[in-house]
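# Secondary and tertiary structure notes
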Amino acid sequence: MWFRNRYTMRKEVCWGTIMAMLCLLIPTGRLAAQNTTSSPYSYYGIGELLRGGNAQTAGMGGTYQAFKGKNSINFSNPASLTALDSMKFIFNVGGSVKFTEMKQQGNTDDFSDYNFTGLEFGFRVAPNWYTGLGLVPYSSLGYKVQQQNMVEGGTEIYNSLLEGTGGFNQLVWANALQLGKGLSLGINAIFLFGTNDHNETILLNDDAAFAYHHKERLNVTDVYFNLGVQYETPLTTNWGMSLGATFQPGNKLSAKYSTYTSSSQSSDDEFDTETKGNMKLPAEVGLGVGFCYKDKLWMGADVLHQQWSEADLLRGEDYLKDRTRFSLGAEYRPQEYSRSLWKQMKYRVGGFYDTGYFQLKGEDITSYGVSLGLGIPMGKGKGWINMALEYGQTGTTNNSLVQENFTRITLGISLMETWFAKRKYD
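These remarks concern the structure in this document. Quantities reported herein were computed from a predicted structural model and do not represent experimental measurements.

### A few points about the overall build of the protein chain
Assigned secondary structure in the protein chain consists of four helices and 21 strands. Relative to its 426 residues, the protein chain shows a buried fraction of 47%. Put simply, of all contacts in the protein chain between residues at least 6 apart along the chain, 65% involve residues at least 24 apart.

### Thoughts on the layout of surface pockets
Of the voids in this model, the largest pocket is the one considered here, and its volume is about 1,100 Å³. Lining the largest pocket are 41 residues, with Lys70, Asp295, Arg333, Glu336 and Lys346 positioned closest to its centre. When contributions to the lining of the largest pocket are tallied by element, the ones reaching two or more residues are strand S8 (211-234), strand S9 (239-248), strand S13 (297-306), strand S14 (323-332) and strand S19 (383-395). By residue class, the composition of the lining of the largest pocket is 14 nonpolar, twelve polar and 15 charged. By volume, the second largest pocket amounts to about 840 Å³. Lining of the second largest pocket is provided by 27 residues; of these, Pro40, Gln104, Val145, Gln147 and Val402 occupy positions nearest its centre. Looking at the lining of the second largest pocket, the elements that each hand over two or more residues are strand S3 (88-104), strand S4 (107-126) and strand S5 (129-150).

### Here we look at unusual backbone geometry
Even without being a glycine, Lys294 presents a positive backbone phi close to 50 degrees. Relative to the helices and strands, Lys294 resides in the loop between strand S12 (284-293) and S13. A positive phi angle, near 50 degrees, is found at Lys361, a position not held by glycine. For Lys361, the location among the structural elements is in the loop between strand S16 (359-360) and strand S17 (363-364).

### Focus: the environment of Pro40
Here Pro40 lies in the loop between helix H2 (28-33) and strand S2 (48-49). For Pro40 and Tyr143, which are 103 residues apart along the polypeptide, the C-alpha to C-alpha distance reads 5.0 Å.

### Examining the environment of Val223
You can see Val223 is positioned in strand S8. Between the C-alpha atom of Val223 and that of Ile190, which follows or precedes it by 33 residues, the distance is 5.4 Å. If we ignore the near neighbours within four places in the chain, the residues touching Val223 are Ile190, Phe191 and Leu253.

### What about the pattern of salt bridges?
Under the defined criterion, the tally for this structure stands at six salt bridges. A salt bridge links Arg323 to Asp354; the nearest nitrogen and oxygen atoms lie 2.6 Å apart. Residue Arg323 is found in strand S14, and its partner Asp354 is found in strand S15 (residues 346-354); the two are separated by 31 residues along the sequence. Summarising the burial analysis for this pair, Arg323 and Asp354 share the class buried.

### Thoughts on the nonpolar core
Considering soluble globular proteins, one finds that nonpolar side chains tend to be buried as a cluster. In this structure, Ile46, Leu81, Tyr138, Leu192, Val220, Met279 and Phe358 are the most contacted members of the largest nonpolar core, which totals 38 residues. Elements supplying a minimum of two residues to this core: S3, S5, strand S6 (157-180), strand S7 (183-204), S8, strand S10 (251-263) and strand S11 (266-281). Here this core takes four residues from S6, the largest share from any one element. Ignoring anything within four residues of it in the chain, the contact list for Leu81 reads Ile73, Asn74, Phe75, Tyr130, Thr131, Gly132, Ala174, Asn175 and Ala176.

### Quick notes on the pairing of S13
Because side chains alternate across S13, one face comprises the buried residues Trp298, Gly300, Asp302, Leu304 and Gln306, and the other comprises Leu297, Met299, Ala301, Val303 and His305, none of which is buried. Judged from the ten bridges that link them, S12 and S13 form a sheet pairing that is antiparallel. Following the sheet pairing, Gly290 is matched in S13 by Gly300. Counted between consecutive antiparallel strands, the loop separating S12 from S13 contains three residues, among which Lys294 sits at a positive phi close to 50 degrees. Relative to S14, S13 runs antiparallel, the two sharing ten bridges. Its bridge partner being in S14, Leu304 is matched across the sheet by Arg325.

### As for a nonpolar patch on the surface
Taken together, Leu133, Leu171, Trp173, Ile187, Phe191, Val223, Phe225, Leu227, Phe247, Val285 and Leu287 make up a surface patch of nonpolar side chains, about 960 Å² in accessible area. For the nonpolar patch, the element with the highest residue contribution is S8, accounting for three residues. Tracing the backbone through its elements, the reader meets Phe225 in strand S8. Taking the relative accessible area as the measure of exposure, Phe225 reaches 45% and is therefore partly exposed.

### Comments concerning the packing of aromatic side chains
One pass over the full model with this rule turns up 13 aromatic pairs. Considering the side-chain rings of Tyr41 and Phe358, the 6.3 Å spacing of their centres and the 45 degrees angle between planes classify their relative orientation as tilted. Taken together, the positions of Tyr41 in the loop between H2 and S2 and Phe358 in the loop between S15 and S16 put the pair 317 residues apart, joining distant regions of the chain. Pair check on accessibility: Tyr41 and Phe358 agree, each one buried. Relative to Phe358, the ring of Tyr319 has its centre 6.3 Å away and its plane inclined at 85 degrees; by these criteria the two rings are edge-to-face. Here the residue Tyr319 occupies a position in the loop between S13 and S14, and Phe358 occupies one in the loop between S15 and S16, the gap between them amounting to 39 residues.

The rules behind each value
Along each chain, numbering runs from 1 in the same order as the chain's sequence is written. Residue-level local features of this predicted model are given only where pLDDT is at least 70; pairs of side-chain atoms are given and counted only at 80 or more, and the full residue set underlies all totals for whole chains, interfaces and linings. To get the side-chain values, take all heavy atoms of the structure and skip hydrogens and water. What counts as a helix is a DSSP run of H or I of at least four residues, what counts as a strand is a run of E of at least two, and both are numbered from the N terminus. Categorising residues by exposure relies on relative accessible area from a 1.4 Å probe, with only protein chains included: less than 20% of the type maximum marks a residue as buried, more than 50% marks it as exposed, and the intermediate range marks it as partly exposed. Contact between two residues is taken to exist if any of their heavy atoms lie within 4.5 Å; hydrogens are not considered. Only protein atoms enter the 1 Å grid used here. Points where a 1.4 Å probe fits but cannot escape make up a cavity, open sets with protein on both sides within 12 Å along at least five of seven lines make up a pocket, and a residue lines them when an atom lies within 4 Å of a point. Grid points are joined across faces, edges and corners, and a volume is the space filled by probe spheres set on the points. Residue type decides the class: Asp, Glu, Lys and Arg count as charged, Ala, Val, Leu, Ile, Met, Phe, Trp, Tyr, Cys and Pro as nonpolar, and the leftover types, Gly among them, as polar. Any carboxyl oxygen of Asp or Glu within 4 Å of a side-chain nitrogen of Lys or Arg constitutes a salt bridge here. Residue types Ala, Val, Leu, Ile, Met, Phe, Trp, Tyr and Cys, when buried and joined through side-chain atoms within 4.5 Å, form a set referred to as a nonpolar core. Being paired, for any two strands, means DSSP has found at least two bridges between them. Note on patches: the residues involved have over 30% relative accessible area and no salt bridge, like charges join within 9 Å, and the nonpolar side chains Val, Leu, Ile, Met, Phe, Trp and Tyr join within 5 Å. Accessible areas in this description were obtained via Shrake-Rupley with a 1.4 Å probe; residue shielding takes into account the shown protein chains only. When the centres of two rings from Phe, Tyr and Trp lie within 6.5 Å, Trp using its six-membered ring, the rings pair. Their planes under 30 degrees apart give stacked, over 60 give edge-to-face, and anything left gives tilted.

The quantities given are spatial measurements derived from coordinates; they are silent on function.
Below you can see the structure in the form of structure tokens.
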């Protein structure tokens with residue numbers, strides 16, 4: 001008996017995996033568009049920034065720069081794709097639910113938001129080349145604020161309603177090359193698309209006949225790129241170290257900014273403007289380090305810096321500032337091969353601190369939180385169910401601002417199917 005030194009597609013393809021992919025891919029655009037947030041802070045900038053990564057890294061505080069795994073698709077650092085199982089086709093899909101308690105001037109209110117967190121698949125193309133494709137949300141816009149105001153120079157009161165909807169999504173094509181022992185390089189080609197709508201309705205004397213409507217719309221469709229690199233090296237017999245870094249230049253993207261104002265007293269538009277230009281996303285750099293003990297324990301730390309003060313979102317923002325995010329995380333698996341499910345599972349813990357990317361009333365809108373995670377194997381080599389529980393806080397009650405106390409639950413399913421195998425001949 002001998003083996004021919006090439007790979008062929010297995011005939012026994014898992015049709016359940018294929019059908020699951022088709023069912024999820026067909027409504028993908030709708031699912032991404034349905035991402036929601038109830039945060040009033042999503043009024044600013046391009047909305048609430050949605051953290052990259054998946055349920056696995058969410059359980060580690062969003063630590064991903066130096067992390068890689070054979071069943072983990074991590075587009076946040078595309079270089080990590082080189083760790084994927086070379087015999088498997090990997091498919092990931094995930095979602096989250098966020099429960100938020102908002103506090104302002106002694107008042108509280110509760111909200112819940114449901115979000116699609118990503119759909120990705122990846123596999124090895126050649127001995128040193130790995131690729132992946134996915135849809136990942138980038139930002140979400142969703143606020144509704146009612147307030148009373150006094151007419152300037154008078155005593156008349158008018159009511160205003162501010163509402164925002166929309167968000168941006170990323171279609172990502174990732175590629176990674178194994179350049180040498182322990183060194184890998186990755187690149188993401190990203191198609192960013194989506195629409196942000198800001199609506200304001202002014203009602204005089206609670207009379208709809210005197211209502212004025214103002215709408216602002218930002219629409220973006222363009223392609224940009226970012227890079228990632230990872231390096232692994234042994235330290236001792238049992239310990240190893242990994243380093244990771246990502247870089248993205250400031251990208252100018254084709255955008256259209258429109259404004260529209262109308263009055264219920266007249267069917268004629270008071271004005272209607274449309275400006276085509278370039279929205280500039282911030283340059284960013286990320287660094288991370290990780291330490292691994294055998295195949296049981298991984299511990300890491302990340303820092304990410306984004307130059308939002310140099311961004312241009314076509315709305316004349318003067319409140320943007322540079323953002324820095326710090327995170328720590330760890331993953332522990334007692335035993336890879338065991339009859340005990342508890343020993344096969346992966347246990348995760350982490351924490352993060354985020355300075356935010358804008359400032360209001362002299363206050364930085366920061367976020368911080370802690371997380372716990374769990375990975376449950378789905379049979380031998382068939383996939384994983386990953387869960388993460390996060391608790392944290394955004395904002396402050398100082399200067400009549402809003403403090404958000406949130407709990408987020410993230411669920412991800414990773415399916416693995418053997419698609420490539422050596423054919424045997426007698």
